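# Coordinates in review
Read off the chains here:
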Amino acid sequence: MPYEYWCRQCAAVSPQRRPRRVDAEDELVEHRRHTHGGLAPAAGDGVRPVHDEARGDGCLPSGSWLFALFLLAAVLSNCWGR
């Protein structure tokens with residue numbers, strides 16, 4: 001499961017998901033150093049796991065596959081109706 005950092009104060013999120021939690025924590029430390037002077041932001045920040053299935057990378061189909069399946073079903077139902 002990939003990880004990403006997030007910052008509530010400036011609405012920053014890691015540019016890419018990292019496979020290891022420690023890599024996302026390293027990006028969090030770099031973000032704190034460059035943006036907040038090395039301090040933790042008052043609004044909070046952290047590292048969280050991201051589920052790939054929600055993006056269509058896992059076992060669940062993405063929205064584009066569902067649309068293509070629906071379009072195929074619509075075309076086939078139109079062909080069978082005549």
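Keep in mind that this is a model prediction, so the values were computed, not measured.

## What to know about a nonpolar patch on the surface
Residues Phe-67, Phe-70, Leu-71 and Val-75 make up a contiguous nonpolar surface patch of roughly 430 Å² in combined accessible area. By the element assignment, Leu-71 lies in helix α2 (residues 63–80).

## So, the nonpolar core
Among the nonpolar cores identified, the biggest contains 7 residues, and these are Tyr-3, Tyr-5, Cys-7, Ala-12, Ala-24, Leu-28 and Val-47. Elements supplying a minimum of two residues to this core: β1 (3–7) and α1 (21–35). Among the elements that make up this core, the one with the highest residue count is β1 (3 residues). Ignoring anything within four residues of it in the chain, the contact list for Ala-24 reads Tyr-3, Glu-4, Tyr-5, Arg-18 and Val-47.

Parameters at a glance
Residues numbered from 1 in each chain as written. Predicted model: local features only at pLDDT ≥ 70, side-chain atom pairs only at ≥ 80, totals over all residues. Heavy atoms only, no water. Patch = residues over 30% accessible without salt bridge, like charges linked within 9 Å, V, L, I, M, F, W, Y side chains within 5 Å. Areas by Shrake-Rupley, 256 points an atom, 1.4 Å probe, with all protein chains shown as cover. Salt bridge = Lys/Arg side-chain N within 4 Å of Asp/Glu carboxyl O. Helix = DSSP H or I, 4+ residues; strand = E, 2+ residues; numbered from the N terminus. Core = buried A, V, L, I, M, F, W, Y, C linked by side-chain atoms within 4.5 Å. Buried < 20%, exposed > 50% of the residue type's maximum accessible area, 1.4 Å probe, protein only. Contact = heavy atoms within 4.5 Å.

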